[in-house]
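# Architecture at a glance
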Amino acid sequence: MTYPQIVSREEWRIAREELLAKEKAATRARDALNAERRGLPMVEIDKEYVFEGGDGKATLLDLFEGRQQLVVYHFMFAPEWDAGCRSCSAFLDQIGHLAHLRARGTAFAAVSRAPYTRILPFKARMGWTVPWYSAYDTDFGQDFEVSFERDGETCERPGMSCFLRDRDRVFHTYSTYERGLDGLGSTTTLLDLTALGRQEEWEEPRGRASALGAPAGSERIRYHDEYED
């Protein structure tokens, strides 16, 4: 194993400032990319998907839990497997407390092809409380390009899809897959994928910071047990 070069504190400070300039440029570029993502057009979902979860049957609209946005993690779990994908499990371990997403009008759910009878014991084993639904016997995975046929077999890949609700109408706004999931998992990175973003005053396009009729920015952040649902 090789280690970084050993230098004086002053040499380290100079090198750090040079890197900091590049980091700030990358942050500005990421902000611009996020704004462009929020400007993507959207597609209305006119197919009726029926999932199964802890409370029984559920539609895609039900997964919103009455909120305006929905982030779905496409968790790789084939119907014949006894346990979910290890990489997907490591990703789900990183998801923070959902109260912070919900405070910004955004629901989160995992969806897999496995029957719920297989999902439930694995979810209990992992100790997760995030909503998790079975899309068994639906076209959900194929329609959102996480399930596909290869050499006569159904293959899967991990992904994330975002949806926006206008009363009873549901729209697909964004999806990303595989390496596109790198760096995601925190509340802010998940909100960055959505059409309404973090709802901060500095974000483009303007006018979405007060989308939920609540204060923007750090004034909205609470301890997770202090939010009003």
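In this report, the structure presented in the accompanying data block is examined. Model, not experiment: these values are computed from the prediction.

### Side note on the nonpolar core
In this structure, Tyr73, Phe75, Leu92, Phe108, Trp132 and Met160 are the most contacted members of the largest nonpolar core, which totals 29 residues. Elements with a minimum of two residues in this core: β4 (69-74), α2 (86-93), β5 (106-112), α4 (116-126), β9 (159-166) and α6 (187-191). Beyond its immediate chain neighbours, meaning those up to four positions away, Phe75 contacts Gly84, Cys85, Cys88, Ser89, Leu92, Ala110, Val111, Ser112, Phe122, Trp128, Trp132 and Glu156. Within the second largest apolar cluster, 18 residues are counted, among which are Ile45, Leu60, Tyr133 and Phe140.

### So, the side chain of Ser161
Looking at where Ser161 falls in the secondary structure, it is placed in strand β9. Among the polar contacts listed, one links the side chain of Ser161 to the side chain of His74, at a separation of 2.7 Å.

### Description of the pattern of salt bridges
Tallying each qualifying case throughout the model produces 17 salt bridges. Glu203 is the salt-bridge partner of Arg38, the closest N and O atoms lying 3.2 Å from each other. Of the two residues, Arg38 sits in helix α1 (residues 9-38) while Glu203 sits in the segment after α6, which places them 165 residues apart along the sequence. According to the relative accessible area criterion, Arg38 is buried, its value standing at 5%. Across the salt bridge formed by Lys47 and Asp143, the nearest N and O atoms sit 2.8 Å from each other. Here the residue Lys47 occupies a position in the loop between β1 (43-44) and β2 (50-53), and Asp143 occupies one in helix α5 (residues 140-143), the gap between them amounting to 96 residues. Classification of Lys47 by relative accessible area gives partly exposed; the value is 37%. In this structure, a network of salt bridges that share partners links the residues Glu10, Arg13 and Glu17.

### A short note on the environment of Cys162
Here Cys162 shows up in strand β9. Judged by relative accessible area, Cys162 falls into the buried class, the value being 1%. For the pair Cys162 and Ile6, spaced 156 residues apart in the sequence, the C-alpha separation amounts to 45 Å. Residues contacting Cys162, with those up to four places away along its chain left out, are Leu70, Val71, Phe171, His172, Thr173, Tyr174, Leu193 and Thr194.

### Quick notes on α2
A turn of α-helix holds 3.6 residues, and therefore any two residues three or four places apart point the same way. Considered for burial, the residues of α2 that qualify are Cys88, Ser89, Phe91 and Leu92. For α2, the angular spread of the buried residues around the axis is 160°, confining them to a single face. Opposite the buried face of α2, by more than 90 degrees, sit the exposed residues Arg86, Ser87 and Asp93. Taken together, the buried residues of α2 touch β4, β5, α4 and β9.

### Here we look at α1
With 30 residues, α1 ought to run about 44 Å at 1.5 Å a step, and its terminal C-alpha atoms sit 42 Å apart, in line with that. Taken together, the buried positions of α1 are occupied by Asn34, Arg37 and Arg38. Those residues of α1 hidden inside the fold are in contact with β10 (169-177).

### Some points on the pairing of strand β3 (residues 56-59)
As judged from the four bridges shared by β2 and β3, these two strands associate in the antiparallel manner. Looking at β3, one finds that Gly53 is bridged to Gly56. Hairpin connection from β2 to β3: two residues lie between these consecutive antiparallel strands.

### As for a negative patch on the surface
A surface patch of negative charge is lined by Glu80, Glu149, Asp151 and Glu153. As for its placement among the helices and strands, Glu80 is situated in the loop between β4 and α2.

### Details of the packing of aromatic side chains
Geometry of an aromatic ring pair is reported as the spacing of the ring centres plus the angle between the planes. For the structure shown, the criterion picks out 15 aromatic pairs. Judged by centre distance (6.2 Å) and plane angle (55°), the rings of Phe77 and Trp132 are tilted. Pair noted here: Phe77 is in the loop between β4 and α2 and Trp132 is in strand β6 (residues 132-134), with a separation of 55 residues, a long-range link. For Phe77, a relative accessible area of 0% gives the class buried. Measuring from ring centre to ring centre gives 6.3 Å for Phe122 and Trp132, while their planes differ by 70°; the resulting arrangement is edge-to-face. Here Phe122, found in helix α4, pairs with Trp132, found in strand β6; they are ten residues apart in sequence, far enough to count as distant. With a relative accessible area of 1%, Trp132 lands in the buried category. Each member of the aromatic cluster is reached from another via a ring pair, and the members are Tyr73, Phe75, Phe77, Phe91, Phe122, Trp128 and Trp132. Here Arg9 stacks its cationic end above the ring of Trp12, 5.2 Å away from the centre of that ring.

Reading the values: the criteria
Numbers given to residues run from 1 along each chain, matching the order in which its sequence is written. Per-residue local features of the predicted model are confined to residues with pLDDT of at least 70, and side-chain atom pairs are confined, for both listing and counting, to 80 or more; whole-chain, interface and lining totals are unaffected and use all residues. Hydrogens and water are ignored here; the side-chain numbers use all heavy atoms of the structure. We call a set of buried residues a nonpolar core when its members are Ala, Val, Leu, Ile, Met, Phe, Trp, Tyr or Cys and they connect through side-chain atoms within 4.5 Å of each other. The cut-offs for exposure are 20% and 50% of the maximum accessible area for each residue type, with area from a 1.4 Å probe on protein chains only; residues under the lower value are buried, those over the upper are exposed, and the others partly exposed. A helix here means a DSSP run of H or I that spans at least four residues, while a strand means a run of E at least two residues long, and both kinds are numbered starting from the N terminus. Residue contacts are counted whenever heavy atoms from the two residues lie within 4.5 Å of one another. Pairs of N or O atoms are called polar contacts if they sit within 3.5 Å, as long as, within protein, a hydrogen donor faces a hydrogen acceptor (for residues adjacent in sequence, only side-chain-to-side-chain pairs). Whenever a carboxyl oxygen of Asp or Glu lies within 4 Å of a side-chain nitrogen of Lys or Arg, that contact is scored as a salt bridge. The arc in question is the one traced by the directions running from the helix axis out to the C-beta atoms. Expected helix span is computed as 1.5 Å times (number of residues minus one). Any two strands are treated as partners once DSSP identifies two or more bridges connecting them. Within the patch definition used here, like charges are joined within 9 Å and nonpolar side chains (Val, Leu, Ile, Met, Phe, Trp, Tyr) within 5 Å, considering only residues with over 30% relative accessible area and no salt bridge. Per-residue accessibility takes into account occlusion by the displayed protein chains alone, with areas from the Shrake-Rupley method and a 1.4 Å probe. By the counting rule applied here, Lys and Arg register as positive and Asp and Glu as negative, while His and the ends of each chain are not counted. Taken as the charge centre is NZ of Lys, CZ of Arg, CG of Asp or CD of Glu, depending on the residue. Any two rings among Phe, Tyr and Trp, with Trp reduced to its six-membered ring, count as a pair given centres within 6.5 Å; such a pair is stacked if its planes are under 30 degrees apart, edge-to-face if over 60, and tilted if neither. Only lysine NZ and arginine CZ atoms are considered, and such an atom sits over a ring when it is within 6 Å of the ring centre and within 35 degrees of the ring normal.

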